[in-house]
Amino acid sequence: MFKVDGWDIKTEKVAYSDVRKEKKKEKKNLKSKKLAQRKRDRKDNEIQLSNDEDEEEEETSKSDEAVKDGKVNKKRKVEEIKNIMEDKPSPAPARKLTPLQQKMMAKLTGSRFRWINEQLYTISSEDALKLVSEQPQLFDEYHDGFRSQVQAWPENPVDVFVDQIRYRAKKPVNAPGGLPGLKDRKIVIADMGCGEAQLALDVNTFFKKYNKKAKKSHQRFWECHSFDLKAANERITVADIRNVPLPDNSCTIVVFCLALMGTNFLDFIKEAYRILAPRGELWIAEIKSRFGDGRGDEFVNALKLMGFFHKKTDDENKMFTRFEFFKPPAEIIEERKAKLERRQKFIEVETEKEELEKKRAKTAEGKWLLKPCIYKRR
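Rules used in this analysis
- Numbering of residues starts from 1 in every chain and runs along the sequence as written.
- Reporting in this predicted model follows two pLDDT cut-offs: at least 70 for local features of residues, and 80 or more for side-chain atom pairs to be given and counted; totals over whole chains, interfaces and linings ignore these cut-offs and use all residues.
- Working from all heavy atoms in the structure, the side-chain values ignore hydrogens and water.
- Secondary structure elements follow DSSP: runs of H or I of four or more residues count as helices, runs of E of two or more count as strands, with numbering from the N terminus.
- Only the protein chains shown count as covering a residue, and every accessible area follows the Shrake-Rupley method with a 1.4 Å probe.
- Take a side-chain nitrogen of Lys or Arg and a carboxyl oxygen of Asp or Glu: if they are within 4 Å of each other, that pair is a salt bridge.
- Residue exposure (1.4 Å probe, protein chains only): buried if accessible area is under 20% of the type maximum, exposed if over 50%, otherwise partly exposed.
- To count toward a patch, a residue needs a relative accessible area above 30% and no salt bridge. Like charges then connect within 9 Å, nonpolar side chains (Val, Leu, Ile, Met, Phe, Trp, Tyr) within 5 Å.
- Charged residues are defined narrowly, with Lys and Arg counted positive, Asp and Glu counted negative, and His plus the chain ends left uncounted.
- The location of each charge is read from NZ of Lys, CZ of Arg, CG of Asp or CD of Glu.
- For two strands to count as paired, DSSP must find a minimum of two bridges between them.
- UniProt positions are given in the numbering used here, feature names are shortened, and annotations may be inferred rather than shown by experiment.
- Disulfides are defined in this document as cysteine sulfur pairs within 2.5 Å.
- A helix is expected to reach a length of 1.5 Å times the quantity of its residues less one.
- Helix axes use the C-alpha atoms of the stretch in contact, all axes being lines fitted to C-alpha atoms, and the angles between their N-to-C directions lie in the range 0 to 180 degrees.
- Side-chain atoms alone can form a polar contact between residues adjacent in sequence; in general such a contact is a pair of N or O atoms within 3.5 Å, and within protein one must be able to donate a hydrogen while the other accepts it.
- Only buried Ala, Val, Leu, Ile, Met, Phe, Trp, Tyr and Cys residues count toward a nonpolar core, and they belong to the same one when joined by side-chain atoms within 4.5 Å.
- Geometry of aromatic contacts follows a simple scheme: Phe, Tyr and Trp rings, the Trp one being its six-membered ring, pair when their centres are within 6.5 Å, and the pair is stacked under 30 degrees between planes, edge-to-face over 60, tilted otherwise.
- Two conditions define a charge sitting above a ring: the NZ of Lys or the CZ of Arg must be within 6 Å of the ring centre, and it must be within 35 degrees of the ring normal.

**Remarks on the overall build of the protein chain**
Helix and strand counts for the protein chain come out as 10 helices and seven strands. Carbon and sulfur atoms make up 52% of the accessible area of the protein chain, which totals about 25800 Å².

**So, the pattern of salt bridges**
Using the criterion set out here, one finds 24 salt bridges in the structure. Note that Arg-274 and Asp-248 form a salt bridge whose closest N and O atoms lie 2.6 Å from each other. Note that Arg-274 is positioned in helix 7 (residues 265-275) and Asp-248 in the loop between strand 3 (236-238) and strand 4 (251-257), a separation of 26 residues in sequence. When its relative accessible area of 25% is taken as the criterion, Arg-274 is described as partly exposed. Overlapping salt bridges bring together Asp-267, Lys-270, Glu-357, Arg-360 and Glu-365 as one network.

**A look at a positive patch on the surface**
Judged by side-chain charge, Lys-34, Arg-38, Lys-39 and Arg-42 come together as a positively charged surface patch. Assignment of secondary structure puts Arg-38 in helix 1 (residues 9-85). Classification of Arg-38 as exposed rests on a relative accessible area of 53%.

**So, the pairing of strand 2 (residues 222-228)**
Of all seven residues that make up strand 2, five are buried, and the element is covered over most of its length. In this sheet, strand 2 lies alongside strand 1 (residues 187-192) in parallel orientation, the contact comprising six bridges. Bridge pairing in strand 2 places Ile-189 opposite Cys-224. Strand direction decides the pairing type here: strand 2 and strand 3, joined by three bridges, are parallel.

**Examining the UniProt feature "coiled-coil region" (unreviewed entry) in the protein chain**
Following the UniProt record, the feature "coiled-coil region" (unreviewed entry) maps to residues 330-357 here. For residues 330-357, the end-to-end C-alpha separation is 23 Å, with 89% helix and 0% strand making up the annotated structure.

**Some points on the state of the cysteines**
Cysteine pairs can be covalently joined through their sulfur atoms, and such a bond is termed a disulfide. Under the counting rule described, the total for this entry stands at zero disulfides. Cys-251 carries a free sulfur, and the closest cysteine sulfur to it, the one in Cys-224, is 9.4 Å from it.

**Observations regarding helix 9 (residues 330-342)**
Its 13 residues give helix 9 an end-to-end C-alpha distance of 19 Å, which sits within 8% of 18 Å, the value for a rise of 1.5 Å per residue. Of the residues flanking the end of helix 9, it is Gln-344, one or two places downstream, whose phi is positive at about 60 degrees.

**Let's talk about the sheet that holds strand 1**
Taken together, the seven strands give an open sheet; going across it, the order is 3-2-1-4-5-7-6, and neighbouring strands pair in mixed fashion. Only two strands of the sheet have a single neighbouring strand rather than two, namely strand 3 and strand 6 (309-314). Between one strand axis and the next, the sheet turns through 20 degrees on average, direction left out of account.

**Description of the side chain of Thr-313**
For Thr-313, the location among the structural elements is in strand 6. Engagement of the side chain of Thr-313 in a polar contact is seen with the side chain of His-310, the distance being 2.8 Å.

**Focus: the nonpolar core**
Of all hydrophobic cores here, the largest spans 44 residues; its most connected members are Leu-179, Ile-187, Ile-189, Leu-199, Phe-207 and Val-255. Top element by residues in this core is helix 6 (residues 198-213). It accounts for five residues.

**Remarks on a negative patch on the surface**
Residues Glu-348, Glu-352, Glu-354 and Glu-355 make up a contiguous surface patch of negative charge. Assignment of secondary structure puts Glu-355 in helix 10 (residues 346-362).

**So, the packing of aromatic side chains**
Given two aromatic rings, one states the distance between the centres and the angle between the planes to describe the pair. Here the structure, examined in full by the defined rule, presents 17 aromatic pairs. Between Phe-207 and Phe-221, the aromatic rings sit 5.6 Å apart at their centres with planes inclined by 75 degrees, giving edge-to-face as the arrangement. With Phe-207 in helix 6 and Phe-221 in the loop between helix 6 and strand 2, the pair connects residues that are 14 residues apart, well separated along the chain. Here Phe-207 matches Phe-221 in class, with each residue buried. Judged by centre distance (5.3 Å) and plane angle (55 degrees), the ring pair of Phe-299 and Phe-323 falls under tilted. Taken together, the residues span a long stretch of sequence, with Phe-299 in helix 8 (residues 297-305) and Phe-323 in strand 7 (residues 320-326) at a distance of 24 residues. Taken as a pair, Phe-299 and Phe-323 share a single burial class, namely buried. An aromatic cluster is defined as three or more aromatic residues linked by ring pairs; in this entry it consists of Tyr-273, Phe-291, Phe-299, Phe-308, Phe-323 and Phe-325. Above the face of the Tyr-273 ring, Lys-327 is positioned so that its terminal group lies 4.7 Å from the ring centre. One residue, Lys-359, lies across the ring of Trp-368, its end atom 4.1 Å from the ring centre.

Okay, structure coming up:
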């Protein structure tokens, strides 16, 4: 009825539905493309943002480094100008050592310390002063090595002496158990072979606090002299400790803390006797391995022949022995002389003194009375 040539309604319907489907597909594809593009754009933005942040951080760190470098360079320039003015070579930039290099450096430093140590024990104090005067760096190298040795010790004898001063300072000067003082009650300490003068630093700190507490800050009733081969700091006076720049009878305590190192160490003891006031005390700490008899009885007898009275020997420490002596006043010396004459022993003592000096003249006491403390070579 509705049939016309060249026009088929059924086919046209099919063709129209296909077109609609195609359009829907295109829309879908377009939508998915847009979504994919948006995702890509978002990712690109995030990447760009993070890159910007990294660049900003990099620029900040670079600027910080530049500021640091600027400060370092400024310091270097100042040092260089100082060195030029003082006619010194400018220091080379520090390099980081590898673990192997550090190990080798430690070995070299250790062997250097042992060599210097051996020199100081096997030459006279006069030669030691000459050696350090010509090569001042030896003193620093020795004490760098000594510091590392001390770290392994259970106890440092310097600390024992400082503790003793603190404890005895609580009692009146010149009273039994108190510190010995001069007639005006002034305490004068001489630290012979002081190293870096740790004893002076600790004792001065203690007395300042003690004075403040006791409201005696206006009174300087103590003094500490420190002597060694080089002035490592302002507390130290350079001297051969067999001849220090102090008057006779001017000190109340003389300390030798591991300091009897020269082959002529009995000259140091004679000097201690000269500078000590009557009733002044001599404190000594030495390594046990240096005494042939372990306890040091021969050493004590030698010091008795030089005029000292023996007070105490403390050998409780595994590594060190401590001795206390005092210089007798004139009346006690006369009493002792009279006793010896009554017992007919005075001539014997005088003969022993002569024999000691003869033995010293033949062979230095650093070779027989106290063995040198020499580390094994590796």
